[in-house]
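A look at the structure
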Amino acid sequence: MKSFSLTRRIIATVVTCQLVLAVGLTLVAVMYGRTELMGAFDTALEGKAMSALALVQFAQPTGHDLMFDFALLPPPSDPMHQDQYEIQSSDGHLVARSAGWDDVPAEVSQSERSHADFKLAGAPYRALVLRNVPIFDKVIKEDGQAEPPVRVSLVYASSLAGSRLRLAQLAALVGATSILLLLLTSAFAVWSVRHGLAPLHELAAQANTISIHNWNFSAPSGDSMATELAPFVHAIEAVLARLKDSFRQQRDFTNDAAHELKTSVAIVKSTLQSLLHRPRTQQEYQTELEGLLGDCARLEDLLGRMLRLARLEQFAEDGVTPNRATTELTSTCESAISRIRKVAQERNISLEFESPAAVYMRADPEDLELIWLNLLENAVQYSPEDSTVTLRVRRDGAAMVEISVMDSGPGIPPEELPHIFERFHRGDPSRARSTGGFGLGLAICKALVDAYNGTIEAINLPGQGTQMRVQLPAESN
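Computed from a prediction, not measured in an experiment: that's the story for all the values here. (Residues numbered from 1 in each chain as written. Predicted model: local features only at pLDDT ≥ 70, side-chain atom pairs only at ≥ 80, totals over all residues. Heavy atoms only, no water.)

Position of glutamate 328 among the secondary structure elements: in strand β8 (residues 326-328). Of the polar contacts made by the side chain of glutamate 328, one reaches the backbone nitrogen of valine 359; its length is 3.0 Å. Setting aside anything within four residues of it in sequence, one finds glutamate 328 in contact with Ala358, Val359 and Tyr360. (Helix = DSSP H or I, 4+ residues; strand = E, 2+ residues; numbered from the N terminus. Polar contact = N/O pair within 3.5 Å; in protein donor to acceptor, adjacent residues only side chain to side chain. Contact = heavy atoms within 4.5 Å.)

Here we take up helix α8 (residues 441-451). Burial analysis of α8 places 8 of its 11 residues in the buried class, the great majority of the element. What α8 keeps buried is the set Gly441, Leu442, Ala443, Ile444, Cys445, Ala447, Leu448 and Val449. Immediately downstream of α8, the backbone of asparagine 453 shows phi near 60 degrees, a positive value. (Buried < 20%, exposed > 50% of the residue type's maximum accessible area, 1.4 Å probe, protein only.)

Summed over all chains, the structure comprises 5 aromatic pairs. Aromatic side chains phenylalanine 68 and tyrosine 85 sit 5.6 Å apart centroid to centroid with 35 degrees between the ring planes, which places their arrangement in the tilted category. In this pair, phenylalanine 68 is assigned in strand β2 (residues 66-68) and tyrosine 85 in strand β3 (residues 84-89), connecting sequence segments 17 residues apart. Each of the two residues, phenylalanine 68 as well as tyrosine 85, counts as buried. An aromatic cluster of three or more residues is present, and its members are Phe68, Phe70, Tyr85 and Tyr156. (Phe/Tyr/Trp six-rings, centres within 6.5 Å; stacked < 30°, edge-to-face > 60°.)

Here the focus is the sheet that holds strand β5 (residues 115-120). Strand pairing in a sheet is mediated by backbone hydrogen bonds. Such pairs are either parallel or antiparallel. In spatial order, the strands read β4-β3-β7-β6-β5; together these 5 strands make up an open sheet with antiparallel pairing. At either margin of the open sheet sits one strand with a lone partner, and together these are β4 (94-97) and β5. Averaged over neighbouring strand pairs, the angle between their axes works out to 15 degrees when direction is ignored. One ladder, built from 6 bridges, connects β5 with strand β6 (residues 123-134); its direction is antiparallel. If you follow phenylalanine 118 over to β6, its bridge partner there is tyrosine 125. (Pairing = 2+ DSSP bridges. Axes fitted to C-alpha atoms, helices over the stretch in contact; angles between N-to-C directions.)

Taken as a whole, the chain shows an average pLDDT of 82; of its residues, 86% reach a score of 70 or greater. Ranking the elements of the chain by mean pLDDT puts helix α5 (residues 282-318) last with 75 and strand β9 (residues 350-354) first with 93. Predicted confidence for residues 429-436 stays below pLDDT 50, and this span has 9 contacts to residues more than four positions away or in other chains. (pLDDT = per-residue confidence, 0-100.)

It is worth spelling out the packing of helix α7 (residues 365-382) against α8 at this point. Here α7 crosses α8 at 145 degrees, and the two axes come no closer than 9 Å. For the element pair α7 and α8, the recorded crossing hand is left-handed. Within the contact between the two elements, α7 uses Asp367, Leu370, Ile371, Asn374, Leu375 and Asn378 and α8 uses Gly441, Leu442, Ile444, Cys445, Leu448 and Val449. Here the residues of the contact of α7 with α8 sort into 8 nonpolar, 3 polar and 1 charged. (Left-handed = near helix turned anticlockwise from the far one by under 90°. Nonpolar A, V, L, I, M, F, W, Y, C, P; charged D, E, K, R; others polar.)

As structure tokens, this is what we get:
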């Protein structure tokens, strides 16, 4: 996968947003300036047209001939480009016309709109077209009454070059200001992003020092309090805690496994050395060899449990879910009770079984039987003589089944409860070898229950011993 720089990506995003903002503000300012300038230009153009209309007068107070006073014509707003105009009476007679009007396109005079834009000698012009407007001068009759006002058509045009120059200056000013502000804000954004991401580099440096010999992780001062970094720091600390615990469990497992194997091998070796130390009778050899077979069987059982636990954990890690047939759960409980009954009878312990008619679930019957057998074995071993161990099965809703194994033993010390499902953990380290305990039974039970998406827990019953409670998904009857 191609790598990328988060810092450069954030900076590019921020600068791009600022650039878009600067361009947008420049466009809005230019458009607003253009609207205001054109409004002011049209107002000034209308004023010039009215001034020109006021210069149309009658040649004589009682006559009807019109004249135009050129001397009072307002000066052009752009000395480089003269104003252009044409005034015609209502009967089509020309009243006045500017010197350069012949170069004005004919469609301007014929335009039906109030404004017309055109070019004259390469310069942009805008014309105001007034049709059939009365002049201000009046003719007085002999009786002193004013005759109806005379109407004319007026087309007055001024150059837009000055307005466009001011608009270009406005655009340049706004654009230059936006670019300057963009540069300043971009520089500040780059500094802020780099400064803001600096704690990540410090965290990475701290995390890089972590190894199996150094589990210390100290977040830089104040970083863990940051809203954005707090979840990241807490996640690193949680992962480190789990990794440290996993390494500790792996180390303890290796040590415990080596100790168990060493003990079994040492017993076998010492027995063989004893056999070779002096000649023995056939009966003695047979007795010692039978003992060796028992020790080998115990060693084989240990290796089998370790391999089964490793396989279960590997399946869980790989997410492997094998296809399982439907199994009747209570029959596996009865099989486990049958296998442990002899051990219970030797200690005069009664076994009771309570269950509904039948409970079905998708599972391997050997796995279920192994769970109940391990739980019953622990219960029998820790229960006093002449007591009772109960295996109870009951439905817990339509989709779950609860299996409980209850004994009458001393219970589990509270400090031991969090560790009873760990591999090679034994609440009673002084347990004799004759019990056959390796500290793997409950670990295997938990691995199997987890594989079936269930839960297992130990509960101390006040004055009644311990209850091992298992919940598994079941099929509806």
